[in-house]
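In case you want the letters, here they are:
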Amino acid sequence: MTAPQTAGHPLVREVFPDLVGELVDLLTREGEPELAARAWSLRLVAECRCGDDFCQSFRTDPHPDGRPYGRGHRCVPLDPAEGMLVLDVVDGRIVYVEVLDREPLRDTRPGPGRGPGQD
């Protein structure tokens, strides 16, 4: 068995624990218990490179830039207290977390160069 392509990437819950808690809560309220359970094990694969100052979105699964997700894709908009959270889901897997118009995410890991939301 081969290791998942995301194995070397940090768990989102270790980087942004408050965000993961919020995702789990919102997904549960939206009637998405399977996605809520999967949110706990998301990996931070890559940050969005759009350059917009209001965007803190990130990939949780590798995907070629500029290519559609294709069959099995759906968007799951959530209703957070602040800003926007929208998930891209492919075949039941959360592959992208869109985080817009929110206070900066704070990376809780110690050390420099920690990705989106770094101090």
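Just so it is clear, the model here is predicted, and its values are computed rather than measured.

1. Digging into the sheet that holds strand E3 (residues 73-78)
Reading across the sheet, the five strands line up as E1-E2-E5-E4-E3 and stay open at both edges, with antiparallel pairing between neighbours. A strand with exactly one partner marks an edge of an open sheet, and here the two such strands are strand E1 (46-47) and E3. Pairing of E1 with strand E2 (residues 58-59) involves two bridges; the strand directions are antiparallel. Looking at the pairing, Glu-47 lines up with Phe-58 of E2. Across the face of the sheet, helix H2 (residues 17-29) comes into contact with E2, E3, strand E4 (84-90) and strand E5 (93-100) while running at roughly 75° to E4.

2. Notes on unusual backbone geometry
With a phi close to 50°, Asp-91 is a non-glycine residue in the positive phi region. With respect to the helices and strands, Asp-91 occurs in the loop between E4 and E5. Looking at Asp-91, the relative accessible area reads 58%, which means it is exposed. With phi around 55°, Asp-101 is a residue other than glycine that occupies positive phi space. Considering the arrangement of structural elements, one finds Asp-101 in the segment after E5.

Rules behind the numbers
Residues numbered from 1 in each chain as written. Predicted model: local features only at pLDDT ≥ 70, side-chain atom pairs only at ≥ 80, totals over all residues. Heavy atoms only, no water. Pairing = 2+ DSSP bridges. Helix = DSSP H or I, 4+ residues; strand = E, 2+ residues; numbered from the N terminus. Contact = heavy atoms within 4.5 Å. Axes fitted to C-alpha atoms, helices over the stretch in contact; angles between N-to-C directions. Buried < 20%, exposed > 50% of the residue type's maximum accessible area, 1.4 Å probe, protein only.

What is shown is where atoms sit, not what they do.
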